[in-house]
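Chain residues, written in single-letter form:
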Amino acid sequence: MPTEVDVKGLVEKDKEYLWHAMHQNKSAHPVIAAQGEGAWFTDADGNKYLDGVSGLWCLNLGHGRKEIAQAAYDQMVNVSYFPLTLSHVPAIELSAKISELLKAPYTTFFSNSGSEANETAFKIARQYHAQNGNPGKYKFISRYRAYHGSTLGALSATAQANRRAKYDPTVPGFLHVPPPYSYRSSFGDQPNSDLMAADYIDEVINWEGSETVAGVIMEPFISGGGVIVPSKEYLTRVAEICKKHDVLLIIDEVVSGFGRTGEMFGYMHSDNVQPDIITMAKGLTSGYAPLGATAVSEKIYSKFQGNDGKKHFSHVSTYGGHPASCAVALKNIEIIEREGIVDRVARLSDSILSELRELTAIDKVGEVRGVGFLYGIELVEDKESKTPAPEEYINSIIAACKDKGLIIGRNGDTIPGYSNVLIIAPPLSSTEEDLHFVVDTIKEVFYSVQ
Ligand code: PMP
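Residues numbered from 1 in each chain as written. Predicted model: local features only at pLDDT ≥ 70, side-chain atom pairs only at ≥ 80, totals over all residues.

**Considering the overall build of the protein chain**
And then number 1: Looking only at helices and strands, one finds 14 helices and 15 strands in the protein chain.
And then number 2: Structurally, the protein chain occupies a C-alpha span of about 65 × 60 × 45 Å along its principal axes.
And then number 3: Expressed as a percentage of its 450 residues, the buried residues of the protein chain come to 48%. (Helix = DSSP H or I, 4+ residues; strand = E, 2+ residues; numbered from the N terminus. Buried ≥ 20, exposed ≤ 12 C-beta atoms within 10 Å, placed from the backbone.)

**With respect to unusual backbone geometry**
Trans peptide bonds make up most of the peptide bonds, and negative phi angles are found at most residues other than glycine.
And then number 1: In this model, aspartate 168 is joined to proline 169 through a cis peptide bond whose omega is 0 degrees.
And then number 2: Take proline 169: it is sitting in the loop between helix H7 (161-164) and strand E6 (174-177).
And then number 3: Positive phi is not limited to glycine here, since valine 227 has a value of about 50 degrees.
And then number 4: Locating valine 227 in the fold gives a position in the loop between strand E7 (213-218) and helix H9 (232-244).
And then number 5: Given 25 C-beta atoms within 10 Å, valine 227 falls into the buried group.
And then number 6: Despite not being glycine, serine 286 has its phi angle at roughly 50 degrees, a positive value.
And then number 7: Residue position: serine 286 is located in the loop between strand E9 (277-280) and strand E10 (292-297).

**Thoughts on the site of the ligand**
And then number 1: Taken together, 16 residues surround the ligand, and among them Ser113, Gly114, Ser115, Gly149 and Val254 come closest.
And then number 2: A total of three residues in the shell around the ligand trace back to one element, the largest contributor, which is helix H5 (residues 114-131).
And then number 3: Here the residues of the shell around the ligand sort into five nonpolar, nine polar and two charged. (Near = placed C-beta within 6 Å. Nonpolar A, V, L, I, M, F, W, Y, C, P; charged D, E, K, R; others polar.)

**Points about helix H11 (residues 323-338)**
And then number 1: Look at H11: 22 Å from first C-alpha to last across 16 residues, which is about the 22 Å you get at 1.5 Å a residue.
And then number 2: A large share of H11 lies buried, amounting to twelve of its 16 residues.
And then number 3: For H11, the complete set of buried residues consists of Pro323, Ala324, Ser325, Cys326, Ala327, Val328, Ala329, Leu330, Lys331, Asn332, Ile333 and Ile336.
And then number 4: Of the residues flanking the end of H11, it is glycine 340, one or two places downstream, whose phi is positive at about 60 degrees. (Expected span 1.5 Å × (residues − 1).)

**Structural notes on the domain arrangement of the protein chain**
And then number 1: Each assigned domain of the protein chain is listed with its residue range as follows: domain 1 (7-64 + 340-449) and domain 2 (67-338).
And then number 2: Using only C-alpha atoms to locate each centre, domain 1 and domain 2 end up separated by 26 Å.
And then number 3: Between domain 1 and domain 2, the contact holds 32 residues from the first and 28 residues from the second.
And then number 4: Grouping the constituent residues of the side of domain 1 that touches domain 2 by class yields 16 nonpolar, eleven polar and five charged. (Domains from an automatic or database assignment. Contact = placed C-beta atoms within 7 Å.)

**As for the sheet that holds E7**
And then number 1: Pairing in this open sheet of seven strands is mixed, and the strands run E4-E10-E9-E8-E7-E5-E6 from one edge to the other. Across the chains shown, the open sheet's two edge strands, defined by having one partner strand only, are strand E4 (106-111) and E6. The mean inter-strand angle of the sheet, taken between neighbouring strand axes irrespective of direction, is 20 degrees.
And then number 2: Two elements, strand E5 (residues 139-143) and E6, share four bridges in a ladder whose sense is parallel. (Pairing = 2+ DSSP bridges. Axes fitted to C-alpha atoms, helices over the stretch in contact; angles between N-to-C directions.)

**Looking at the sheet that holds strand E13 (residues 406-407)**
And then number 1: One open sheet holds the four strands; their spatial order is E1-E2-E3-E13, and the pairing between them is mixed. The sheet is open, and its two edges are formed by strand E1 (33-37) and E13, each paired on a single side.
And then number 2: Relative to strand E3 (residues 48-51), strand E2 (residues 40-43) runs antiparallel, the two being bridged by three bridges. Each bridged residue has a counterpart across the sheet, and for threonine 42 the counterpart in E3 is lysine 48.

**Re the packing of helix H4 (residues 89-102) against H11**
Think of two packed helices as two axes; the pair is described by the angle between the axes and how far apart they sit.
And then number 1: Two elements in contact, H4 and H11, have axes separated by 8 Å at closest approach and are oriented at 40 degrees. By the angle between their directions, the pair H4 and H11 is classed as oblique. Handedness of the crossing formed by H4 with H11: left-handed. Across from Pro90, Ala91, Glu93, Leu94 and Lys97 in H4, the residues of H11 making contact are Pro323, Cys326, Ala327, Ala329, Leu330 and Ile333.
And then number 2: Residue classes in the contact of H4 with H11 are distributed as nine nonpolar, no polar and two charged. (Parallel < 35°, antiparallel > 145°, perpendicular 65-115°, else oblique. Left-handed = near helix turned anticlockwise from the far one by under 90°.)

**Here's the deal with the nonpolar core**
And then number 1: The biggest cluster of nonpolar side chains holds 120 residues, and the ones touching the most others in it are Ala125, Val216, Val238, Ile250 and Ile277.
And then number 2: When residues of this core are assigned to their parent elements, the largest contribution, eight residues, is made by H11.
And then number 3: Counting contributing residues per domain, this core is built from domain 1 (7-64 + 340-449) and domain 2 (67-338), each supplying no fewer than three.
And then number 4: In this structure, valine 238 is in contact with Ala198, Ile201, Val216, Met218 and Leu249, ignoring residues within four places of it in sequence. (Core = buried A, V, L, I, M, F, W, Y, C linked by C-beta atoms within 7 Å.)

**Describing the confidence of the model for the protein chain**
A low pLDDT score tells you not to read the predicted coordinates there in detail.
And then number 1: Looking at the protein chain, pLDDT values average 96 and 98% of them are 70 or higher.
And then number 2: Here the complex is predicted with pTM 0.97, and the ipTM for its interfaces comes to 0.99. (pLDDT = per-residue confidence, 0-100.)

**Digging into the packing of helix H8 (residues 193-208) against H9**
And then number 1: Packing of H8 against H9 brings their axes to within 9 Å, and their N-to-C directions diverge by 15 degrees. Here H8 is positioned roughly parallel relative to H9, judged by the angle of their axes. Of the two elements, H8 crosses H9, and the hand of that crossing is right-handed. Across the interface between the two elements, Asp194, Leu195, Ala198, Ile201 and Asp202 of H8 pack against Glu233, Tyr234, Arg237, Val238 and Ile241 of H9.
And then number 2: When its residues are assigned to classes, the contact of H8 with H9 shows six nonpolar, no polar and four charged.

**Some remarks on the environment of glycine 417**
And then number 1: Here glycine 417 lies in the loop between strand E14 (409-411) and strand E15 (421-424).
And then number 2: Counting along the chain gives 234 residues from glycine 417 to tyrosine 183, while the straight-line C-alpha distance between them is 18 Å.
And then number 3: Discounting chain neighbours no more than four positions away, the residues touching glycine 417 are Ala161 and Asn162.

The following block contains the structure:
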């Protein structure tokens, strides 16, 4: 730590003044980050941890990249702020870079976060249909267990009961369908249950009337809802269904974008998928600065063009596409490409997954799932019943990992309000030694807690 830290004073101030997300924080001693280096951070008490969830799955290049800090500094001392009602250099360069990475002409609208990127997508989709002669197309379909953000529109697409309960009713016009969750499929225990989940979307669109449906939003791999990894054919089938009904396919790449899954974007694992709208945040800047992005295909953007003064997108965000955030994103992408991060994730992920899968020998480990550097371990009482594992067991695993210097997460919503999936998503730039530490620690903990 740079200077002596008054930990007791900090904890008292933290308890008094700082409102933590998702916690009632008056009792627990918070983990206060004091220093970071690569995949590791040291807390104010001097404990060192490997961040096995990359913050909130965003710190993809780890802490302390001086080049990124320099890019922000250089931008801030030059053009410190400029709105995107006009234009600035890093936003222009970044929008062109995003289109290059998407391997097709896409035009990007910038915001500040993943939630806003999705809100922006919903508004664009409704306006697109209206300006394309179909003003009745306003509904959106998302999947149970999905997380698409915290603002009211994004929360309406989020279909995790516990996250919505205190804030319902959410925005009208959002429908939910079963996820392609083969371990507990709504369509029975059969090999193609995920394709049945895709076909169910077709059925829902038919029942609702395709003339009322604006879009389907999904992550290529449900992350926060418990790491759900369908077959590659699932998304291809969904894309076909959307096309058939003139329903926009909105792909939420907030977690999966920029290499997390071993492709630059998660949808690229599947054939013949050309999303109409793609939303991004987190990995876009590796968490170094807030930034959201909503990229739309030519088909969509063309309907917002013309000189009649009526078709523009009536939406603005003061800080959306902040020059410093765009400069950070450009440097972040430059490093991802220079260091071959995406290929590295693809190359290392299978062996990590197969090591973690050894844990299925334990009766309480129902399933180990994963893609790229995104893994979920579903904990159950026993393999036969698949009843979600008790709270104490899940907490004891997380606490034992923390005692050994590894932070892991927990998510899932398998039964409403209950999360029984451990989440592991280390920084994409973690060294091989770091990755061994993650796997070895988890294994050690599982065998000792049994
Ligand atoms: N979409 C997905 C898939 C996410 O995981 C998240 C955040 N965890 C969001 C959207 C919302 O992003 P933000 O927290 O930046 O608003």
